[in-house]
Amino acid sequence: MESCIFCKIVRGEIPCHKVYEDDTYFAFLDIHPKAPGHTQVIPKNHIRWVWDVPNVGEYFEVAAKLAHAQRKAFNTDWILSRIVGDEVQHAHIWIYPSTETETELMKFDQNAEKIRLAL
């Protein structure tokens, strides 16, 4: 979709701190993080709702892979996820650790690298 902010991120028109990419899915740090490493996991194709993603189990496997990487990267078992879908009209899953301090929130480069190295 031309005007979708997440589609623009996938196409490289808007910069992001990418933590994961394969042929179907893309994951990047949220610019308004709830915690350090707060990641958005999206399908590359524009799909409005998570529940309409083909092979939704595969989508959740990617989300789980990233959650396990966050556990390792941020040394915590407490990883939260959220699926709402009203903020941006493109399927997305939030995944974020909940025990880090706020001073770590804006270290985007370092947080993205921690997750990539833990994958």
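Everything discussed here concerns the structure shown above.
Residues numbered from 1 in each chain as written. Predicted model: local features only at pLDDT ≥ 70, side-chain atom pairs only at ≥ 80, totals over all residues. Heavy atoms only, no water.

### Some details on the overall build of the protein
Phase 1: The number of helices and strands found in the protein is three helices and five strands.
Phase 2: Secondary structure elements of the protein occur, N-terminal to C-terminal, as α-β-β-β-α-β-β-α.
Phase 3: Against the globule reference of 14 Å for 119 residues, the protein gives a C-alpha radius of gyration of 13 Å, in line with a compact fold.
Phase 4: Counting over 119 residues, the protein shows a buried share of 43%.
Phase 5: Sequence separation of 24 or more characterises 59% of the internal contacts of the protein that already satisfy a separation of 6 or more.
Phase 6: Summing over all exposed atoms, the protein offers an accessible surface of approximately 6800 Å²; the carbon and sulfur share of this is 51%.
Phase 7: Of note, the protein has its 13 positive side-chain charges centred 2 Å away from the centre of its 17 negative side-chain charges. (Helix = DSSP H or I, 4+ residues; strand = E, 2+ residues; numbered from the N terminus. Rg over C-alpha atoms; globule rule 2.2 N^0.38 Å. Buried < 20%, exposed > 50% of the residue type's maximum accessible area, 1.4 Å probe, protein only. Contact = heavy atoms within 4.5 Å. Areas by Shrake-Rupley, 256 points an atom, 1.4 Å probe, with all protein chains shown as cover. Lys, Arg positive; Asp, Glu negative; His and termini not counted. Charge placed at Lys NZ, Arg CZ, Asp CG, Glu CD.)

### What about the pattern of salt bridges?
Phase 1: The tally for this structure, following the rule as stated, stands at six salt bridges.
Phase 2: Asp 77 serves as the salt-bridge partner of Arg 71, at 4.0 Å between the closest nitrogen and oxygen.
Phase 3: Exposure remark for Asp 77: the relative accessible area of 62% places this residue in the exposed category.
Phase 4: Across the pair Glu 113 and Arg 116 runs a salt bridge whose closest N-O atoms are separated by 2.8 Å. Placement of both Glu 113 and Arg 116 in helix α3 (residues 108-118) is noted, with a separation of three residues, approximately one turn of the helix.
Phase 5: Overall, Glu 113 belongs to the partly exposed group, its relative accessible area being 33%.
Phase 6: On the accessibility criterion, Arg 116 (35% relative accessible area) is partly exposed.
Phase 7: In the salt-bridge network here, residues are joined through shared partners; they are Lys 18, Glu 21 and Lys 44. (Salt bridge = Lys/Arg side-chain N within 4 Å of Asp/Glu carboxyl O.)

### A short note on the nonpolar core
Phase 1: If you look at the biggest cluster of nonpolar residues, it comprises 24 residues, and the most contacted ones within it are Val 19, Val 41, Tyr 59, Leu 66, Ile 93, Ile 95 and Ile 115.
Phase 2: Those elements giving two or more residues to this core turn out to be β1 (18-21), β2 (25-29), α2 (56-74), β5 (93-97) and α3.
Phase 3: Residue contributions to this core peak at eight residues, all from α2.
Phase 4: In this structure, Ile 9, Phe 26, Phe 28 and Ile 42 belong to the second largest nonpolar core, which totals eight residues. (Core = buried A, V, L, I, M, F, W, Y, C linked by side-chain atoms within 4.5 Å.)

### A closer look at the sheet that holds β1
In a beta sheet, neighbouring strands pair by backbone hydrogen bonds and run either parallel or antiparallel.
Phase 1: Strand order in the open sheet formed by five strands is β1-β2-β3-β5-β4, with antiparallel pairing between adjacent strands. The sheet is open, and its two borders are formed by β1 and β4 (79-82), each paired with just one other strand. Looking at each pair of strands side by side, their axes are set apart by 20° on average, direction ignored.
Phase 2: Across three bridges, strand β3 (residues 39-43) lies against β5 in antiparallel orientation. Note that in β5 the partner of Thr 39 across the bridge is Ile 95.
Phase 3: Contacting β1, β2, β3, β4 and β5, α2 crosses the sheet at an angle of about 15° to β5. (Pairing = 2+ DSSP bridges. Axes fitted to C-alpha atoms, helices over the stretch in contact; angles between N-to-C directions.)

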